[in-house]
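If you want the building blocks of each chain, they are given just below.
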Amino acid sequence: MKKLGLILIALMVLGFGCYQPHDKRVHLREEIRSDSLDSNIVTRPVVHAFSALLGEGLEITEATTRRNDADLLELHVSGFNKSFQTKRFRYRVEWLDNDGFLIGTKTSVWLPMSAMGKSPFSFKAVAPKPAAVDFRMDTRKWE
Amino acid sequence: MKGTILNFVTVIAMLIAGCGEETVNIDVMHDEGKPVMALDYRDFDVAASELVQSMLGSGALKKQGGGRYVVATGRIVNDTMQRIDTDQLMAKVETEMLNSGQAVMTSAIGSGSDKLIHETRELRDSEEFDPGTVAERQTLIAPELTISGKIFQRNIRYDRNRQQVEYYFQLKLSSVKSGLRFWQDEVIVGKRGSNKSVGW
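What counts and how
- Residues numbered from 1 in each chain as written.
- Chains lettered and ligands numbered in written order.
- Predicted model: local features only at pLDDT ≥ 70, side-chain atom pairs only at ≥ 80, totals over all residues.
- Helix = DSSP H or I, 4+ residues; strand = E, 2+ residues; numbered from the N terminus.
- Contact = placed C-beta atoms within 7 Å.
- Nonpolar A, V, L, I, M, F, W, Y, C, P; charged D, E, K, R; others polar.
- Axes fitted to C-alpha atoms, helices over the stretch in contact; angles between N-to-C directions.
- Left-handed = near helix turned anticlockwise from the far one by under 90°.
- Pairing = 2+ DSSP bridges.

A. Layout of the environment of Ile60 of chain A. Residue and element names in this part refer to chain A. In this fold, Ile60 is placed in strand β1 (residues 58–67). For the pair Ile60 and Pro120, spaced 60 residues apart in sequence, the C-alpha to C-alpha distance is 9.6 Å. With sequence-adjacent residues up to four places away left out, Ile60 is seen in contact with Val77 and Gly79.

Written out as structure tokens, the structure reads:
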């Protein structure tokens, strides 16, 4: 019995040893890519349960801005859904002028967004007028 | 005895009526109310916001050599099963186009036209008005771009008890002179719910 355990561990180590990381820009989901510890049929329920226990959710990895050709500020937000569940949420971007004053716009509404489990996500927002120099963004649960 | 029962029933009826759902104002900034099968203001807000951001982000309104485009609102077709005033969408879009500083909307022509602009020009021969205060001939500015679109609906039976209603918001921006289309986009709002609820 002990030997069987050792063989299993050795196979797993060998399996992971053969794993070659692919281009990070290409995301392969569970059941498409080769099995890993979190997608293996045996270990998956434990890993999923542990993730839920930890309360894993969304993480924003980057929020960058640039001026587009029309001189409007563009916000590009990238993130990663650390949980195994699809997370649906709403976000709202507010734009601020040089004095930090809020720019009134009909586009600052709660917009829907979703991120699949263990997947990256990104979205873009465009300022309503060139006076926008900064932003603030809020999120809330999709009702 | 009869009178007592009647009084009792009346009191109960009044109590029930008193316990009815009270009317509340909607917090339109952070509305957490349940979605409805028909289009509500939140759907128009989302559609207008996404379409405007797409249009501004595309650079289609950036005029070569500076200045602002003169834009006329064309026909916005309501091809849904609901009675919709398409201004619910276009008022927001037009406001943002104006606020962007890249376009001015014309009220002289198109679906957003103001009759008074033409009526006041008919006062040229009137003896009641000072001719110097009446708009001269050839002062109206013709549009360079038109914005038009369509809102349509598709109802699909999802399963035995549920239906799927899809609403499509489409807008396009075209040059009057060349007829070329500078920008167009579509926003889909989809809802899935009971067969009993109607999407119109």
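B. Examining the interface of chain B and chain A more closely. At the junction of the two partners, chain B supplies 21 residues and chain A supplies 17 residues. Of all the elements in the fold, those that place two or more residues in the side of chain B that touches chain A are α2 (41–58) and α3 (87–99) of chain B. Looking at the side of chain B that touches chain A element by element, the count peaks at nine residues for α2 of chain B. Residues that form the side of chain B that touches chain A fall into these classes: five nonpolar, nine polar and seven charged.

C. Representation of the packing of α2 of chain B against α3 of chain B. Residue and element names in this part refer to chain B. It is the contact of α2 with α3, at a shortest axis distance of 9 Å, that shows an interaxial angle of 35°. In terms of crossing hand, the pair formed by α2 and α3 is right-handed. Counting all contacts with α2, which are made through Phe44, Ala47, Ala48, Leu51 and Val52, the residues of α3 involved are Gln88, Leu89, Lys92, Val93 and Glu96. Classifying every residue of the contact of α2 with α3 gives seven nonpolar, one polar and two charged.

D. Representation of the sheet that holds strand β2 (residues 73–81) of chain A. All names here are of chain A. Taken together, the three strands give an open sheet; going across it, the order is β1-β2-β5, and neighbouring strands pair in antiparallel fashion. A single partner strand is all that each edge strand has here, and the edge strands are β1 and β5 (119–126). Averaged over neighbouring strand pairs, the angle between their axes works out to 15° when direction is ignored. Relative to β2, β1 is paired through nine bridges, and the arrangement is antiparallel. By the bridge assignment, Glu59 is partnered in β2 with Phe80.

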